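# Secondary and tertiary structure notes
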Amino acid sequence: MDQPNRHDIGWELYRSYLGVLREGSLSGAARALGVTQPTVGRHIAALEQALGLVLFTRSQQGLLPTEAALALRSYAEAMGHSAAALVRAADSHGDGVRGTVRVSASEVMGVEVLPPLLAQLQAEHPALTVELVLSNRVHDLLQREADIAIRMTEPRQDALIARRVGTIPLGLYAHPRYIAAQGMPATLAELAQHRLIGFDAETPFLRAAQKALPVWRRDRFAVRSDSDVAQLAFVRAGAGIGICQEALARRSAPALVRVLPQQFQYGLETWVVMHEDLRTSPRCRRTFDALVSGLERYVASVAGPAQAEGPG
């Protein structure tokens, strides 16, 4: 029997392989993909035969990926992103702004800032569907993980269209109840005696903040979370002092209290980014423009002395 042509392997086989990788079993992959368990099993067997590799071994914990399966993962995920982008592009054809646009942003931007901008966009274009991916990880637009990204670092790839919308000022903030109970620190040295809210895993932002705020170290945090939304929630709950966007501090009810404004100011340079191939796509172009204008207004709402670029 002839060996199957590796270049003719259908996407559905790779889709099932990714499903098993993520779910750890045939049944879990079948539920996630909306197909039957025997179908997933046939796909895995067919893919293993076509590639001449064993991708999974059975154990009491389920199906365990082999070294070969793990080595292929990033390539299959790139195929998945491209397949999803193809569907989004196909859905967008027709009159007007329509179809699906996938936007990536940090958690706090996606929860606190973008919803009214995107809601207004959809009110103007009812045929537009929005997929909002929330993560502090930088999604790869070249691999089509998203159509548009809100980034806090300047993009470097030549194939991307990027618009700088300004710098979002950050500061140290606490709930009025916390300040009433614990007092207001007068110096950075006194800040070290307070309950601080910060990250669990060290990030580039944390390392940059430490240059201006040496006390901002993991071992100093009374509350640790890698979710910026959770950190903001703890500050609003009166659990301690944390870093917050100035606009969100003002918006809180009651408004959060600024701590040591002269000693600590920091700014997040903010960009809206899109792959250059999408510049002619009505759904992406309109969404890109709406995010640029909306975020420029958001930045302008807190413009002033506090909008310092910060260190570095």
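Conventions adopted
- Residues numbered from 1 in each chain as written.
- Predicted model: local features only at pLDDT ≥ 70, side-chain atom pairs only at ≥ 80, totals over all residues.
- Heavy atoms only, no water.
- pLDDT = per-residue confidence, 0-100.
- Contact = heavy atoms within 4.5 Å.
- Phe/Tyr/Trp six-rings, centres within 6.5 Å; stacked < 30°, edge-to-face > 60°.
- Helix = DSSP H or I, 4+ residues; strand = E, 2+ residues; numbered from the N terminus.
- Buried < 20%, exposed > 50% of the residue type's maximum accessible area, 1.4 Å probe, protein only.
- Axes fitted to C-alpha atoms, helices over the stretch in contact; angles between N-to-C directions.
- Parallel < 35°, antiparallel > 145°, perpendicular 65-115°, else oblique.
- Left-handed = near helix turned anticlockwise from the far one by under 90°.
- Nonpolar A, V, L, I, M, F, W, Y, C, P; charged D, E, K, R; others polar.
- Core = buried A, V, L, I, M, F, W, Y, C linked by side-chain atoms within 4.5 Å.
- Salt bridge = Lys/Arg side-chain N within 4 Å of Asp/Glu carboxyl O.

Turning our eyes to something else, we now look at the confidence of the model for the chain. With 91% of its residues at a pLDDT of 70 or more, the chain shows a mean pLDDT of 86. pLDDT under 50 marks residues 305-312. Its contacts with residues more than four places away, or in other chains, come to 24 contacts.

What follows deals with the packing of aromatic side chains. Enumeration according to the criterion identifies 3 aromatic pairs in this entry. Measuring from ring centre to ring centre gives 6.2 Å for Tyr-17 and Phe-56, while their planes differ by 55 degrees; the resulting arrangement is tilted. Highlighted residues: Tyr-17 in helix 1 (residues 11-23) and Phe-56 in strand 1 (residues 56-59), separated in sequence by 39 residues. Aromatic pair Trp-216 and Phe-221: ring centres 5.2 Å apart, planes at 65 degrees, arrangement edge-to-face. Neither Trp-216 nor Phe-221 differs from the other in exposure class; each is buried.

Attention shifts here to the packing of helix 5 (residues 107-124) against helix 11 (residues 282-300). Between helix 5 and helix 11, the shortest axis-to-axis distance is 10 Å and the interhelical angle comes to 130 degrees. By the angle between their axes, helix 5 is oblique relative to helix 11. Considering how the two elements wind past one another, helix 5 and helix 11 form a crossing that is right-handed. Each of Met-109, Val-113, Leu-114, Leu-117, Leu-118, Leu-121 and Glu-124 in helix 5 lies in contact with helix 11, whose residues at this interface are Arg-286, Thr-287, Ala-290, Leu-291, Gly-294, Leu-295, Arg-297 and Tyr-298. A class-by-class count of the residues in the contact of helix 5 with helix 11 yields 10 nonpolar, 2 polar and 3 charged.

Attention now goes to the nonpolar core. Nonpolar side chains in soluble globular proteins generally cluster together in the buried interior. With 60 residues, the main nonpolar core has Leu-172, Val-272 and Leu-295 as its most contacted residues. For this core, the leading source of residues is helix 11, giving 8 residues. Core analysis: the second largest hydrophobic core is formed by 20 residues, Tyr-17, Ala-29, Val-40 and Ala-69 among them.

Let us look at the pattern of salt bridges. Under the definition given, this model contains 12 salt bridges. Between Arg-236 and Glu-112 there is a salt bridge; the shortest N-O distance is 2.9 Å. Of the two residues, Arg-236 is situated in helix 9 (residues 228-236) and Glu-112 in helix 5; the sequence distance between them amounts to 124 residues. Salt-bridge contacts for Asp-200 lead to Arg-218; the nearest nitrogen and oxygen are separated by 2.7 Å. In this pair, Asp-200 is assigned in the loop between strand 7 (196-198) and helix 8 (204-212) and Arg-218 in the loop between helix 8 and strand 8 (221-224), connecting sequence segments 18 residues apart. We classify Arg-218 as partly exposed; its relative accessible area is 39%. One network of salt bridges, with partners in common, ties together Arg-22, Arg-73 and Glu-77.

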